Amino acid sequence: MTQRNTADLPALTEKFFTHVANGEEELVMGMMHPRVRKELPWESIVDVWKQVLQEAGELEGFDNTFVTTPKGMKPESSLLGKAMGKIMGTVVVVTTIKLEAGEIMGRLAFDNDDAIVGILYVPVDETQVAF
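Since we're looking at a predicted model, the values are computed, not measured.

Participant: Residues and numbers for the overall build of the protein, please.
Facilitator: Across its full length, the protein carries five helices and six strands. Along the protein, from the amino end to the carboxyl end, the secondary structure elements read β-α-α-α-α-β-α-β-β-β-β. When burial is assessed residue by residue, the protein has 42% of its 131 residues classed as buried. Relative to all contacts within the protein whose residues are 6 or more apart in sequence, the contacts with residues 24 or more apart total 59%. Total accessible area on the protein is roughly 7400 Å²; 50% of this is exposed by carbon and sulfur atoms.

Here is the structure:
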């Protein structure tokens, strides 16, 4: 396994959640790993997003998007932050999704080819996450 650059992953994460909010099925599904597309159909993604809309309103933007490791939270030290620029294996990107009436945390797991292999929406103060 070789190190890879993670610099583009925060932008890909925000793009993915924007595509979901805009109902752009083809673009969303195209960013996901083929196995995950079979296990997590568009209808499931849309159903969760509809719940988010009902609870907190329309998407307004993103804040504090960063790269971390599975189950990792925000890198606190600058040394760890620099190390996250080149990493091996699954990478998780976390963003605060800003909505009309609140915020939620969006977490995407990316494989070595930058295909999405996991999607989570959790409260912003959640510390126990699946990845």
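Having seen it, we continue.
Participant: Describe the sheet that holds strand β6 (residues 116–122), with residues and values.
Facilitator: Strand pairing in a sheet relies on backbone hydrogen bonds. The paired strands run either parallel or antiparallel. An order of β2-β4-β5-β6 is seen for the four strands of this open sheet, with the pairing classed as antiparallel. In this open sheet, the two edge strands, each paired with only one partner strand, are β2 (59–68) and β6. Strand after strand, the sheet turns through a mean of 20° between neighbouring axes, direction not considered. Relative to the sheet, helix α1 (residues 9–21) contacts β2, β4 (91–99), β5 (102–110) and β6, its axis offset from that of β2 by approximately 145°.

Participant: Tell me about the pattern of salt bridges, and name the residues and values.
Facilitator: Within the structure shown, the criterion is met by two salt bridges. In this structure, the salt-bridge partner of Glu 39 is Arg 35, at a minimum N-O distance of 3.9 Å. Taken together, the positions of Glu 39 and Arg 35, both in helix α3 (residues 34–39) and four residues apart, correspond to about one turn of that helix. With its nearest N and O atoms 2.9 Å apart, the salt bridge here joins Lys 98 to Glu 103.

Conventions adopted
- Residues numbered from 1 in each chain as written.
- Predicted model: local features only at pLDDT ≥ 70, side-chain atom pairs only at ≥ 80, totals over all residues.
- Heavy atoms only, no water.
- Helix = DSSP H or I, 4+ residues; strand = E, 2+ residues; numbered from the N terminus.
- Buried < 20%, exposed > 50% of the residue type's maximum accessible area, 1.4 Å probe, protein only.
- Contact = heavy atoms within 4.5 Å.
- Areas by Shrake-Rupley, 256 points an atom, 1.4 Å probe, with all protein chains shown as cover.
- Pairing = 2+ DSSP bridges.
- Axes fitted to C-alpha atoms, helices over the stretch in contact; angles between N-to-C directions.
- Salt bridge = Lys/Arg side-chain N within 4 Å of Asp/Glu carboxyl O.

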